Amino acid sequence: MSARPKTVLFIVTSFWAYGELAIATEFAGRMAGSGFRPLFLIPPTHRQQAAAAGLDHQVMIPGAGKINRIQLHDIQHVHRPALVVLADFMNFDFCDRHYGLHRGDLSVFDCPIGTFDDFSWGRPGAWLDTYGFKAKYEADITLDGLAFRLRPCPLNNPLDRAAETGIHPYPLLGNVKDIAVTERDAVRRELGLTGNRPVVLVTGATWQRMHAAYPRVTAFVNACHTMLERLLSKLLGHADVLAVGPQLVFHDQAPAGFHPLGPVEPERFGRLLQAVDLHISNNIVSVSLHRLALRGIPSVVLMNSLRKDSGRLGWEVPRPALSAFAQSVVDGVDYLYPCRMFPVGWYHFLRSLLAGNPFSDLVVPVETFDEEAAPTAIVPLLRPGPERDRLAGARETYLEALRKLPDVDSILHEVAA
């Protein structure tokens, strides 16, 4: 008679974004046959995604700290977890306002407690910049008391094999095979795509619109969307464009070739990828960006190195010449800030993580306000050629680095030993 699998409890507290759930789900999906089984404790907003993934889960109740603490005690009593994993330790440390839980409440568990460490927290020289300012809460974030860190690659650097005890880099994704194209023609027909023009996919997320409380940030966001619309207008001369997520551009009238799909369920999203020739994201930490790039879809990431405050312009990189259109957009706002994770920022926070990281070679960075350089970098990627060949080589180099990392099974047994 085989032993009953040991429980690993994943606690997900971020209710406005799905990246943390996606990372934990990817990890849990590779636990079969390891002697461990996943159990998720999630916000109610994630119930549908957890059920669709077939995850055993319980749901926290917003504003009901006492009940949520009882849930923790009940999980310990019934399941006796062998490990507890915080999907995001930063979010957990601020979840008391939503779920009434504190780090001390985890003392109910008699097992190692750790976290996913998506960005190699504590890197020398890294500081958390949000909306252009140093985050006031950075000093309150700590990994003290956590026994282990699971570092998914990407965005962590698979070549950075940390010597510290308890740090475990591993491949973020289990499936990095080429996107299948067996039904490409059928998917194109379903999407209403005619002819044989290349297809560009633009993705965004609902959480990226949670900035309404900051008027200056809203002006920055609108300026970036104006530049995105300008870029897509030029790309429509070469390709059709699919937009997944909240519609950010062409609000008055969608031009020919632009297909706003709105939010798309994961199963349908996976299917429509068969028609996609190029992906554009404005978030370097996006799991969707990582997934598509690692599975062979040429990917572009929009970023911003331009800052403006009190009428003064400055660049974090050698200054490109602004077109007349871009200059007019810049002149129309009072405040711009460097950004790699739109619209939060994290330009400086992610700098050292990306330096020397082979994933940086796997995506093409494009400056949002450099109107002339953006299409020059993107259009050659729409069809086979040397630019695509370079990305394919970078992908193989990255995948080779991932193959040298430990798998989920070995990590679980080491951490739980």
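Located above this text is the structure these notes cover.
Residues numbered from 1 in each chain as written. Predicted model: local features only at pLDDT ≥ 70, side-chain atom pairs only at ≥ 80, totals over all residues. Heavy atoms only, no water.

Enquirer: I would appreciate a short explanation of the pattern of salt bridges in the present structure.
Expert: Opposite charge on two side chains permits pairing when their charged atoms draw close. Counting across every chain of the model gives 17 salt bridges. Among the charged side chains, a network of salt bridges with common partners joins Asp 117, Arg 149 and Arg 151. (Salt bridge = Lys/Arg side-chain N within 4 Å of Asp/Glu carboxyl O.)

Enquirer: What should I look at first to understand the sheet that holds strand 5 (residues 113-116) in this one?
Expert: Strands belonging to one sheet form pairs held by backbone hydrogen bonds; the direction of such a pair is parallel or antiparallel. With parallel pairing, the seven strands of this open sheet are ordered in space as 3-2-1-4-5-8-9. The open sheet terminates on both sides in strands that have one partner only, identified here as strand 3 (57-59) and strand 9 (167-171). The sheet shows a mean angle of 25° between the axes of neighbouring strands, taken without regard to direction. By the bridge criterion, three bridges tie strand 2 (residues 36-42) to strand 3 in an arrangement that is parallel. (Pairing = 2+ DSSP bridges. Helix = DSSP H or I, 4+ residues; strand = E, 2+ residues; numbered from the N terminus. Axes fitted to C-alpha atoms, helices over the stretch in contact; angles between N-to-C directions.)

Enquirer: Can you walk me through the sheet that holds strand 12 (residues 258-262) in this structure?
Expert: Reading across the sheet, the six strands line up as 12-11-10-13-14-17 and stay open at both edges, with parallel pairing between neighbours. A single partner strand is all that each edge strand has here, and the edge strands are strand 12 and strand 17 (364-367). Across the sheet, the mean angle from the axis of one strand to that of its neighbour is 25°, orientation sign disregarded. As paired elements, strand 14 (residues 299-303) and strand 17 share four bridges and run parallel to each other. Pairing of Met 303 across the sheet is with Glu 367, part of strand 17.

Enquirer: Just to check I follow, could you spell out the environment of Pro 112 for this structure?
Expert: Here Pro 112 is to be found in the loop between helix 5 (96-99) and strand 5. A residue is classified by how much of its surface remains accessible, and Pro 112, at 28% relative accessible area, is partly exposed. Along the sequence, Pro 112 and Val 415 sit 303 residues apart, while their C-alpha atoms lie 7.7 Å from each other. (Buried < 20%, exposed > 50% of the residue type's maximum accessible area, 1.4 Å probe, protein only.)

Enquirer: What is the right way to look at unusual backbone geometry in this model?
Expert: Residues apart from glycine generally show negative phi values, whereas peptide bonds are mostly found in trans. Note that the residue after Pro 154, namely Leu 155, is joined by a cis bond; omega there is 15°. Its place among the elements puts Leu 155 in the loop between strand 8 (148-153) and strand 9. A positive phi angle, near 45°, is found at Arg 80, a position not held by glycine. Secondary-structure assignment places Arg 80 in the loop between helix 3 (65-79) and strand 4 (83-86). For Arg 80, a relative accessible area of 55% gives the class exposed. Even without being glycine, Tyr 131 reaches a positive phi, approximately 55°.

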